[in-house]
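# Reading the structure
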Amino acid sequence: MRDVVIIGGGPAGLCAGLYAARSGMDAVLIEAKFSGGQVGTTNLVENYPGFEHGIGGPELAMLMEQQAVGAGLSIEFESCTKLELEGDVKRVHLTSGEVVDAYAVILAMGAYPRKLGAKGEEEFRARGVSFCATCDGFIFKGKRVAVIGGGNTAAEDALYLANICESVTLVHRRNSLRAENALVTKLLTNPRITVMWDSVVDSFEGEAKLETMNVRNIKTNETTPVPVEGAFVAVGAVPNSDIVKGILELDESGSIKAGEDTRASITRVYAAGDIRTKPLRQIVTAVADGAVAAAAALQDIGLRVHNEPPRQICGFVGDPGAVQLVGNTV
Ligand SMILES: Cc1cc2nc3c(=O)[nH]c(=O)nc-3n(C[C@H](O)[C@H](O)[C@H](O)COP(=O)(O)OP(=O)(O)OC[C@H]3O[C@@H](n4cnc5c(N)ncnc54)[C@H](O)[C@@H]3O)c2cc1C
């Protein structure tokens, strides 16, 4: 029986593990692939505070893992396949068949950016095609860029990039934007932004780097080559929330509904990082969520004395020698 199981070893999970271990909780983290999550696949991170000249994603991931493990976090490299979250004791099923029981579960399974499926999208990834304007926009300072999408994220990205770049072409497959009215007004009156309505990107082309995207009007079927140095795909993020579908409340995108305190719709279950409904998906917001989730778990489990088994929660037969619990569980 653990105090807390953390599922997902990206920045949110690793930071939750660091805070949980440092607060004396018996914490285990379950990671399906490798530590760092999306950061582990990012060449250079330039906006994480403390690294003036940026830091390689895998290096940052390794540092986060080392620090958390050094503080006492255990990591198991396995996939979580099923969750039983309703009872006082949470049960986490792993691919090996092992079941980990805990008083609290922090869900930090992250998300991945939805792709367009256009030719060259993968080939020019990190060579002009990006899925994160906040992360990579600065690289294209003074250059011509495009944003593909029509929701709030695409509109925000276009406005963000218009402050940095020479010009922004917004490509949207419909003839109106799904973004909030205030954003739409700002976007349509910004002299640096041009919108290509009823249009899709068929392909990205270039030599060493992205040079052109071929945009097709779906009404006329006419294709226009648009010269750009950068193209930002903003057609949504796909949360890794399949294992909690039908168990927890999710929003329309599949993100777990939880507020700033990270508490999800079941007691002692928390959602941290990109998997949570939130306005900005970045490393700094993921680690912040991880810290908040660990603190909330500690408070909700209500441990008064650390490191003295057995932990007990409300509804279990008491043992005079057991650690006393306070807070919401009593
Ligand atoms: C290309 C790219 C570049 C980026 N660049 C930057 C940047 O420069 N700066 C910045 O601040 N942000 C950047 N981001 C965003 C940033 O990486 C994310 O916001 C951040 O990684 C979210 O952290 P997370 O821990 O919530 O999720 P993730 O990083 O997605 O980690 C989730 C982890 O959970 C694991 N997992 C999922 N399901 C299971 C399961 N069932 N069982 C066990 N493990 C599971 C996954 O394997 C993964 O390791 C970038 C994102 C991308 C895609």
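Our subject is the structure that appears above.
A brief report on the enclosed structure follows. Everything numeric in this text was worked out from a predicted model, so none of it was measured.

## Digging into the site of the ligand
Taken together, 34 residues lie around the ligand, and Glu31, Gln38, Asn47, Asp274 and Ile283 are the ones closest in. Taking proline 11, its main chain carries an N or O atom lying 3.2 Å from an oxygen atom of the ligand. Separating a nitrogen atom of the ligand from a side-chain N or O atom of asparagine 47 is a distance of 2.8 Å. Look at the ligand: alone it shows 1000 Å² of surface, and the protein chains cover 92% of it. Taken together, the residues of the shell around the ligand break down into 17 nonpolar, twelve polar and five charged.

## Re the packing of aromatic side chains
Across all of its chains, the model carries two aromatic pairs by this definition. An angle of 25° between the planes, with centres 6.3 Å apart, marks the rings of tyrosine 48 and phenylalanine 51 as stacked. Of the residues examined, phenylalanine 51 reaches a relative accessible area of 29% and is grouped as partly exposed. The interplanar angle of 85° and the centroid separation of 5.6 Å between the aromatic rings of phenylalanine 140 and phenylalanine 232 together place this pair among those described as edge-to-face. Within this pair, whereas phenylalanine 140 is found in the loop between helix H3 (133-136) and strand S11 (144-148), its partner phenylalanine 232 is found in strand S17 (residues 230-233), the two being separated by 92 residues in sequence. Exposure remark for phenylalanine 232: the relative accessible area of 0% places this residue in the buried category.

## Some remarks on the packing of helix H4 (residues 152-162) against helix H5 (residues 181-188)
At a closest axis distance of 10 Å, the pairing of H4 and H5 adopts a crossing angle of 35°. In the packing of H4 onto H5, the handedness of the crossing is left-handed. Residues Asn152, Ala155, Glu156, Ala158 and Leu159 of H4 form the contact with H5, whose participating residues are Leu183, Lys186 and Leu187. Broken down by class, the residue content of the contact of H4 with H5 amounts to five nonpolar, one polar and two charged.

## Topic: the pairing of strand S12 (residues 167-171)
Within S12, four of the five residues are buried, which leaves the element mostly enclosed by the surrounding structure. With five bridges joining them, S11 and S12 adopt parallel strand pairing. Considered in S12, the bridge of arginine 144 is made with serine 167. Each parallel crossover has a hand, and for S11 linked through H4 to S12 it is right-handed. Note: S12 against strand S13 (residues 193-196), four bridges, orientation parallel. In the sheet register, valine 168 faces S13, and the bridge partner there is isoleucine 193. With respect to chirality, the unit in which S12 leads through H5 into the neighbouring parallel S13 is right-handed.

## A word on the nonpolar core
Among the nonpolar cores identified, the biggest contains 36 residues, and Val4, Leu60, Leu73, Ile106 and Ile283 are the most heavily contacted of them. Counting residues per element, the ones that place at least two in this core are strand S1 (2-7), helix H1 (11-22), strand S2 (27-31), helix H2 (57-70), strand S8 (99-107) and helix H6 (283-301). Ranked by the residues each element gives to this core, the list is headed by H6, at nine residues.

## Quick notes on the state of the cysteines
Per the stated rule, a full pass over the model turns up one disulfide. The side chain of cysteine 132 participates in a disulfide bridge whose partner is cysteine 135; the two sulfur atoms lie 2.0 Å from each other. Because the torsion about its S-S bond is 65°, the bridge between cysteine 132 and cysteine 135 counts as right-handed. Owing to a relative accessible area of 28%, cysteine 135 belongs among the partly exposed residues under this scheme. The structure places no disulfide on cysteine 15, whose sulfur is separated from the nearest cysteine sulfur, that of cysteine 135, by 18 Å. On the basis of relative accessibility, which here comes to 12%, the residue cysteine 15 falls in the buried class. Of all cysteine sulfurs, the one in cysteine 132 lies closest to cysteine 165, which takes part in no disulfide; the gap is 13 Å.

## Let's talk about the side chain of aspartate 198
Considering the arrangement of structural elements, one finds aspartate 198 in the loop between S13 and strand S14 (199-206). A distance of 3.4 Å separates a polar atom in the side chain of aspartate 198 from the backbone nitrogen of asparagine 175. For aspartate 198, the residues in contact, after removing those within four places along its chain, are His172, Arg173, Arg174, Asn175, Arg216, Asn217, Ile218 and Lys219.

## Remarks on the environment of alanine 68
Checked against the element boundaries, alanine 68 lands in helix H2. In this structure alanine 68 comes out as buried when scored by relative accessible area, which is 0%. Residue contacts for alanine 68: discarding those within four places in its chain leaves Leu14, Leu18 and Leu73.

## Quick notes on the sheet that holds strand S10 (residues 129-130)
If you trace the five strands from one edge of the open sheet to the other, you get S10-S17-S11-S12-S13, paired in parallel fashion. In the strand order of this sheet, the two ends are held by S10 and S13, each with one partner. Where S11 lies against S17, four bridges are found, and the strand directions are parallel. Bridge pairing links valine 145 to glycine 230 in S17.

Basis of the calculations
Residues numbered from 1 in each chain as written. Predicted model: local features only at pLDDT ≥ 70, side-chain atom pairs only at ≥ 80, totals over all residues. Heavy atoms only, no water. Near = heavy atom within 4 Å. Polar contact = N/O pair within 3.5 Å; in protein donor to acceptor, adjacent residues only side chain to side chain. Areas by Shrake-Rupley, 256 points an atom, 1.4 Å probe, with all protein chains shown as cover. Nonpolar A, V, L, I, M, F, W, Y, C, P; charged D, E, K, R; others polar. Phe/Tyr/Trp six-rings, centres within 6.5 Å; stacked < 30°, edge-to-face > 60°. Buried < 20%, exposed > 50% of the residue type's maximum accessible area, 1.4 Å probe, protein only. Helix = DSSP H or I, 4+ residues; strand = E, 2+ residues; numbered from the N terminus. Axes fitted to C-alpha atoms, helices over the stretch in contact; angles between N-to-C directions. Left-handed = near helix turned anticlockwise from the far one by under 90°. Contact = heavy atoms within 4.5 Å. Pairing = 2+ DSSP bridges. Right-handed = clockwise from strand over helix to strand, strands pointing away. Core = buried A, V, L, I, M, F, W, Y, C linked by side-chain atoms within 4.5 Å. Disulfide = S-S within 2.5 Å.

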